[in-house]
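As a plain string of letters, each chain reads:
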Amino acid sequence: MPHPRNLLALLLVFAFAPGGARAAEKLGYNRDIRLLLSDRCYKCHGPDQKTRKGELSLNDPADVLRPRKDGAVLVPGKPDESVLIDRIFTTDEDDRMPPPDSGLSLTAAEKETLRRWVSEGGEFEPHWAFIAPKKASLPEVSDKAWVRHSVDHFILARLDKEGLKPSPEAERRTLIRRVTYDLTGLPPTREEIAAFLADRSPDAYGKVVDRLLASPRYGERMAVDWLDVARYADTNGYQYDLPRTMWRWRDWVIEAFNRNLTYDRFATEQLAGDLLPEATLEQKIATGFNRNHPFTIEGGVIDEEYRVQYVSDRVMTMGFAFLGLTFDCSKCHDHKFDPISQKDYYSMFSFFNNVPENGFNGGKPVVAEPAIAAPTAEQSVRLEAIGAELAEVEGELKAAETGAEAAQREWENSLRGSGKQAAMVWETL
Ligand code: HEC
Ligand code: HEC
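Residues numbered from 1 in each chain as written. Chains lettered and ligands numbered in written order. Predicted model: local features only at pLDDT ≥ 70, side-chain atom pairs only at ≥ 80, totals over all residues. Heavy atoms only, no water.

(A) Region of interest: the coordination of the iron atom of ligand 2. Within the protein, a single donor atom binds the iron atom of ligand 2, namely His333 (NE2) at 2.0 Å. Among the structural elements, histidine 333 can be located in the loop between helix H15 (303-323) and helix H16 (342-352). (Donors = N, O, S within 2.8 Å, 3.2 Å for Na, K, Ca; no water. Helix = DSSP H or I, 4+ residues; strand = E, 2+ residues; numbered from the N terminus.)

(B) The side chain of histidine 153, seen in detail. As for its position among the elements, histidine 153 is in helix H7 (residues 150-161). By relative accessible area, which is 12% here, histidine 153 ends up buried. Contacts of histidine 153, omitting those with residues within four sequence positions, involve Leu138, Pro139, Val141 and Val147. (Buried < 20%, exposed > 50% of the residue type's maximum accessible area, 1.4 Å probe, protein only. Contact = heavy atoms within 4.5 Å.)

(C) The packing of aromatic side chains, seen in detail. Counted according to the given criterion, the structure contains 18 aromatic pairs. Taking the centre distance of 4.8 Å and the plane angle of 75° together, the rings of tyrosine 345 and tyrosine 346 count as edge-to-face. Summarising the aromatic geometry, the rings of tyrosine 346 and phenylalanine 349 are spaced 5.4 Å apart at their centres and angled 50° between planes, so their arrangement reads as tilted. Of the two residues, tyrosine 346 and phenylalanine 349 both sit in helix H16, three residues apart, roughly one turn of that helix. Within the aromatic cluster, the residues linked to one another by ring pairs are Trp226, Trp252, Phe257, Tyr263, Phe266, Phe289 and Phe322. A cation over a ring is seen here: arginine 115 above phenylalanine 89, with NZ or CZ 4.2 Å from the ring centre. Its guanidinium or amino end placed over the ring of phenylalanine 196, arginine 172 lies 4.5 Å from that ring's centre, counting from NZ or CZ. (Phe/Tyr/Trp six-rings, centres within 6.5 Å; stacked < 30°, edge-to-face > 60°. Lys NZ or Arg CZ within 6 Å of the ring centre and 35° of its normal.)

(D) Broad picture of the site of ligand 2. For ligand 2, the full set of nearby residues is Asp328, Cys329, Cys332, His333 and His335. Contacts to ligand 2 include histidine 333, whose side-chain N or O atom sits 2.8 Å from a nitrogen atom. Broken down by class, the residue content of the shell around ligand 2 amounts to two nonpolar, two polar and one charged. (Near = heavy atom within 4 Å. Polar contact = N/O pair within 3.5 Å; in protein donor to acceptor, adjacent residues only side chain to side chain. Nonpolar A, V, L, I, M, F, W, Y, C, P; charged D, E, K, R; others polar.)

(E) View of the packing of helix H8 (residues 172-184) against helix H9 (residues 190-198). At a closest axis distance of 10 Å, the pairing of H8 and H9 adopts a crossing angle of 130°. In terms of orientation, H8 lies oblique with respect to H9. For the crossing formed where H8 meets H9, the hand is right-handed. Two secondary-structure elements touch here, H8 through Arg172, Arg173, Leu175 and Ile176 and H9 through Glu192, Ile193, Phe196 and Leu197. (Axes fitted to C-alpha atoms, helices over the stretch in contact; angles between N-to-C directions. Parallel < 35°, antiparallel > 145°, perpendicular 65-115°, else oblique. Left-handed = near helix turned anticlockwise from the far one by under 90°.)

(F) Spotlight on the pattern of salt bridges. Evaluation of the coordinates by the stated rule reveals 22 salt bridges. With its nearest N and O atoms 3.1 Å apart, the salt bridge here joins aspartate 32 to arginine 31. Using a relative accessible area of 8% as the deciding quantity, one classes aspartate 32 as buried. Residue class for arginine 31 comes out partly exposed when judged on its relative accessible area of 39%. A salt bridge links glutamate 140 to lysine 144, with the nearest nitrogen and oxygen atoms 3.8 Å apart. Neither glutamate 140 nor lysine 144 differs from the other in exposure class; each is exposed. (Salt bridge = Lys/Arg side-chain N within 4 Å of Asp/Glu carboxyl O.)

(G) Highlighting the site of ligand 1. Every one of the 17 residues lining ligand 1 counts as a neighbour, but Cys41, Cys44, His45, Arg87 and Met97 are closest to it. In this structure, arginine 68 approaches ligand 1 through a side-chain N or O atom, which is 2.8 Å from an oxygen atom. Side-chain polar atom of arginine 87 to an oxygen atom of ligand 1: 2.5 Å apart, as the coordinates give it. Counted by class, the shell around ligand 1 contains ten nonpolar, three polar and four charged residues.

(H) Structural view of the environment of valine 151. Here valine 151 is to be found in helix H7. Accessibility expressed as a relative area gives 45% for valine 151, which makes it partly exposed. Residues valine 151 and leucine 138 lie 13 residues apart in sequence; the distance between their C-alpha atoms is 8.6 Å.

(I) Broad picture of the coordination of the iron atom of ligand 1. Donor atoms from the polypeptide that bind the iron atom of ligand 1 are His45 (NE2) and Met97 (SD), placed at 2.0 to 2.2 Å. Coordination at the iron atom of ligand 1 comes from six donor atoms whose angles at the metal span 86 to 178°, giving a geometry best classed as octahedral. Here histidine 45, found in helix H3 (residues 42-45), pairs with methionine 97, found in the loop between helix H5 (83-89) and helix H6 (108-119); they are 52 residues apart in sequence, far enough to count as distant. (Tetrahedral: all angles 85-135°; square planar, octahedral: opposite > 155°, others 65-115°.)

(J) Structural view of unusual backbone geometry. Across the junction of methionine 97 and proline 98, the peptide omega takes the value -10°, indicating a cis bond. Position of proline 98 relative to the elements: it lies in the loop between H5 and H6. The phi dihedral of arginine 231 falls on the positive side, at around 50°, and the residue is not glycine. Tracing the sequence through the fold places arginine 231 in the loop between helix H11 (216-229) and helix H12 (247-258). Classification of arginine 231 as buried rests on a relative accessible area of 17%. If you check the backbone angles, asparagine 260 has positive phi at about 55° while not being a glycine.

Have a look at this one:
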């Protein structure tokens, strides 16, 4: 039984550790500090230059660490020499941060958190979205033989921690059902199940996986999530939501998965395939990614308003599809801890602001201009055949026309001076 005073000290340590029981773990700027500064200080010391007070931007490490005549705002490892810590703990109301009349305040625990952060080195971190993921080292596990893939290390390590054992491998019928759904979105056929049950070779499961990966259904399954991210639709989105022709782009995505297109090509061709040297039709089709946004066919709209709306949609989608970032808050204002400024937003906007299009697309619901003919390979062959056939028919027609003229002249000549002409006229009358 600890002495009551020790118990109290223990409780305080836990109370001051954000999140409760992390007393021993070093504080993380992104996890423990940024939100606190943003919530209580950025109103006057944040990214917004218009509201900045005391020439201090707490969001900017370079500004926090720069030498100042009244003493350093933050001395890493030395809270007692850091003006920041002094200003939050001081009992002098004229100096206290945040200023009492701002209506903002820090609790004792929050002040302690900031002090501890400074004594632990006062390190800043970039926005978490910009920290490149690091490969974690594989954790120790109780049964190395069970592990087949590096991911299994993490699963088993966690099971070990919980005192659990892995479930036995699923029976074959379940296995083939699961993997077929996972890779194609469809159930296995009876024949496929029977073949797998009958295949007793050690790589039977691997063979099933290879067969599924080679199936065209694989690309269809894999494309589903990307189509959602890219806001794919077969209709225009506004008013009566009339149909649009976009399936050629959809099929490009499916094909990209089926031919295992690398991610950099996948990204490049969708964003700007038309700008690649000697762009192929397929690469141009890939840029349909940028045209998946809703189109209006409403005659009464303000053209420019909707055109800008389409450009914004491209910027937003590019942001969350390729950068994993909410990109559109900065459309209207700089933000307390949004790493994208309004200037960044409109710099990016400019790249997408060059499509020769209208906000109101002339009431053409199926394909909005600018558009290209995008026949499939099959259709191209057929088109060529039809073209040849057409040329032939046109030749015949032309021949018939020239022939007709000559025949008519000959007929007219045969009538000339024969007296029949007058009779004909009478008949016609
Ligand atoms: C409502 C506005 C407001 C808020 C909120 C605010 N401050 Fe201040 N802060 C000021 C003003 C005004 C000054 C400059 C005048 C002064 O030094 O008192 C200042 C000055 C400072 C300074 C001194 C800068 C220097 O160059 O010496 C520090 C450090 C500071 N603030 C830290 C903080 C911290 C930390 C928070 C949040 C916990 C915070 N402030 C919240 C208004 C604010
Ligand atoms: C269409 C324009 C627009 C977009 C987009 C927008 N905002 Fe705002 N935001 C505003 C306006 C205007 C205000 C000021 C409102 C007021 O003063 O009443 C504001 C105010 C705020 C405030 C309050 C700021 C303060 O200091 O009181 C926050 C926080 C905020 N927005 C966050 C966001 C976030 C997060 C997003 C993205 C999810 C976002 N905004 C997207 C226009 C926008």
